[in-house]
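Tertiary structure, described
What follows is each chain in one-letter form.
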Amino acid sequence: MKIKRSILVALLLFPFSIVAHNASAQQDHCIKQIFPSKKLWINSAVWLDHSKVLIVDTLNSNLLVLDTFTGSLVPLSLKGFSADHFFPSSILPVNKGFLLSLLDSQIVLLDQHLVPLPGKSISLKSSNPAGGIGALYDWTVTNGRITAYGAALIPDAGKPFTMGFLAAALDDPTKVRVILPDANFEYYTLGFSYFTSIENDSYFIAMYDVPSLFKLPSNSVEPINLLATLPEPIQHIPRLQNLNAGPKSAEAIFREVEGLSLPVGLYSYGNFLYLLARQAEKTQDSQGTVWWLYQIDASVNKSSRERVVAKLRLPTSANHLTLLPGSDSFLLFEKGPVESLGAQRVLSTLRIPTSWFTNPARSPLKSSRATSALCK
């Protein structure tokens, strides 16, 4: 069933942003919470209030509510969806509600109480001969427009589909436009979040051999290159050697990733972007990971040198991370090694005060020697 155009347009004219909630007391220290032991796959979550987070678990096709103070994890059922036919893939906050995407390229609009809105869903994937979106691997939505990496169906292109960076109206995805050519495809299949938004504008990392940061203004289809070269040590990325050939290759691919220095996430909070990067650290006896978070000024009238405001070392050496900015805390999911395609264990979460990121000059993370001892 397709959602009524009037409902869709009314909701999506509001910009996407982090859902802000006032905490009862301002957090001033880092809190580590052991995560319930189970295999799952998390690369998408949203804050529901100052303590609870809604998680999309694609491995088990579940929505889970995590209490970040107590560690309790409770499944959530959506009204109108049976467990046998519910395959969530990601979720974004929207003004007074949420946008939930499903693996079949359906979009479900939820109100602030997580109840599906009348009309329920729209379809992004197109079989229309006039063109449309064939597949999406990573994306964001703001001001009624989707910006994504995926496959566009363009009849006049002379081939079945065109891979690259796309822009399309969410209520009419048949009018899709390729805004930048294809990049290193494999990085967009690994669950990293390379797209985000601030107010009405979209931002994304183009994973070329020399990766770049782009802005797509709300009033244009011409991307602006904000950072032609990312900071060290992520100025160049290698082609992955263990090509994605299905479930059996997943463990080898992510083991390879653990030995690389890469950008693995782009997030936003307030008027700043936050670029998450991993840096391989080898010693005589072992190999580990140093995690960096770069605060980036998204203003157009900045030079590349001025744009990177701060480089903060995160207090973790986890195999993999997912980050969730929030008004009270930034939440880090500390994840173990990938065991099979879409399966790994979240070992713990870190609740880090937002002020440690928004005021980097006074942050305990400004030291390049920041360690996990900061979080207890």
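Here the structure is shown first, and the text comes after it.
A quick note: this is a predicted structure, and the numbers were derived from the prediction, not measured. (Residues numbered from 1 in each chain as written. Predicted model: local features only at pLDDT ≥ 70, side-chain atom pairs only at ≥ 80, totals over all residues. Heavy atoms only, no water.)

Some thoughts on empty space enclosed by the protein
Tallied over the entire structure, the rule returns two cavities of 30 Å³ or more. By volume, the largest cavity is sized at about 150 Å³. Lining the largest cavity are 18 residues; nearest its centre among them are Gly 191, Phe 192, Leu 321, Thr 322 and Lys 335. Mapped onto the lining of the largest cavity, the elements with two or more residues apiece are strand E3 (42-47), strand E19 (262-269), strand E20 (272-282) and strand E23 (320-324). Ranked by residues supplied to the lining of the largest cavity, first place goes to E23 with three residues. Each residue belonging to the lining of the largest cavity can be placed in one class, and the counts come to ten nonpolar, six polar and two charged. (1 Å grid on protein atoms, 1.4 Å probe; cavity = no way out; pocket = protein on both sides within 12 Å on 5 of 7 lines; lining within 4 Å. Points joined across faces, edges and corners; volume = space filled by probe spheres on them. Helix = DSSP H or I, 4+ residues; strand = E, 2+ residues; numbered from the N terminus. Nonpolar A, V, L, I, M, F, W, Y, C, P; charged D, E, K, R; others polar.)

Focus: the state of the cysteines
Within the structure shown, the criterion is met by one disulfide. Two residues share a disulfide in this structure: Cys 30 and Cys 375, whose sulfurs sit 1.8 Å from each other. Taking the sign of the S-S torsion, 90° for the link of Cys 30 and Cys 375, the bridge is right-handed. Of this pair, Cys 30 sits in the loop between helix H1 (5-12) and strand E1 (31-34) while Cys 375 sits in the segment after helix H4 (355-358), placing them 345 residues apart in sequence. (Disulfide = S-S within 2.5 Å.)

Observations concerning the sheet that holds strand E18 (residues 224-227)
In space, the four strands of this open sheet follow the order E15-E16-E17-E18, with antiparallel pairing throughout. Each having just a single partner strand, strand E15 (195-198) and E18 make up the two edges of the open sheet. On average, each strand axis in the sheet is inclined to that of its neighbour by 30°, with strand direction left out of account. In this sheet, strand E16 (residues 201-206) lies alongside E15 in antiparallel orientation, the contact comprising four bridges. If you follow Phe 195 over to E16, its bridge partner there is Phe 204. (Pairing = 2+ DSSP bridges. Axes fitted to C-alpha atoms, helices over the stretch in contact; angles between N-to-C directions.)

Examining the pattern of salt bridges
As enumerated under the stated definition, the model contains ten salt bridges in all. Among the salt bridges present, the one from Lys 39 reaches Glu 339, with a minimum N-O distance of 3.1 Å. With Lys 39 in strand E2 (residues 39-40) and Glu 339 in the loop between strand E24 (329-335) and strand E25 (344-353), the pair connects residues that are 300 residues apart, well separated along the chain. A relative accessible area of 37% places Lys 39 in the partly exposed class. Taking the relative accessible area as the measure of exposure, Glu 339 reaches 30% and is therefore partly exposed. Among the charged side chains, a salt-bridge network with shared partners connects Lys 39, Glu 339 and Arg 345. (Salt bridge = Lys/Arg side-chain N within 4 Å of Asp/Glu carboxyl O. Buried < 20%, exposed > 50% of the residue type's maximum accessible area, 1.4 Å probe, protein only.)

With respect to the side chain of Ser 44
With respect to the helices and strands, the residue Ser 44 is situated in strand E3. For Ser 44, a relative accessible area of 7% translates into the label buried. Among the polar contacts made by the side chain of Ser 44, one reaches the main-chain amide nitrogen of Ile 91 at a distance of 2.8 Å. Residues in contact with Ser 44, not counting those within four places in the same chain, are Leu 54, Ile 55, Val 56, Ser 89, Ser 90 and Ile 91. (Polar contact = N/O pair within 3.5 Å; in protein donor to acceptor, adjacent residues only side chain to side chain. Contact = heavy atoms within 4.5 Å.)

Looking at the side chain of Asp 328
Relative to the helices and strands, Asp 328 is located in the loop between E23 and E24. Within polar-contact distance, the side chain of Asp 328 engages the side chain of Arg 351 at 2.6 Å.

What to know about the sheet that holds strand E13 (residues 162-169)
Across a sheet, paired strands are connected by hydrogen bonds in the backbone, their directions being either parallel or antiparallel. With antiparallel pairing, four strands are arranged side by side in an open sheet as E11-E12-E13-E14. Only two strands of the sheet have a single partner each, and these edge strands are strand E11 (132-142) and strand E14 (172-181). Here the average twist between neighbouring strands, direction ignored, is 35°. As judged from the nine bridges shared by E11 and strand E12 (residues 145-153), these two strands associate in the antiparallel manner. The partner of Ala 135 across the bridge, within E12, is Ala 151.

Brief notes about the packing of aromatic side chains
Counted under the stated rule, the structure contains 18 aromatic pairs. The ring of Trp 292 has Lys 311 lying over it, and the distance from NZ or CZ to the ring centre is 4.1 Å. Here the guanidinium or amino end of Lys 335 rests over the ring plane of Trp 41, the centre of that ring lying 5.9 Å away. (Phe/Tyr/Trp six-rings, centres within 6.5 Å; stacked < 30°, edge-to-face > 60°. Lys NZ or Arg CZ within 6 Å of the ring centre and 35° of its normal.)

Concerning the pairing of strand E5 (residues 62-67)
By the criterion of burial, E5 is predominantly enclosed, with five of the six residues buried. Note: strand E4 (residues 52-57) against E5, six bridges, orientation antiparallel. Each residue of the ladder has a partner; that of Val 53, found in E5, is Leu 66. Counting the residues in the hairpin turn of E4 and E5 gives four residues, including Ser 61, whose phi is positive at 55°. Two strands pair when backbone bridges link them, and E5 and strand E6 (residues 73-76) are joined in this way by four bridges, in the antiparallel orientation.

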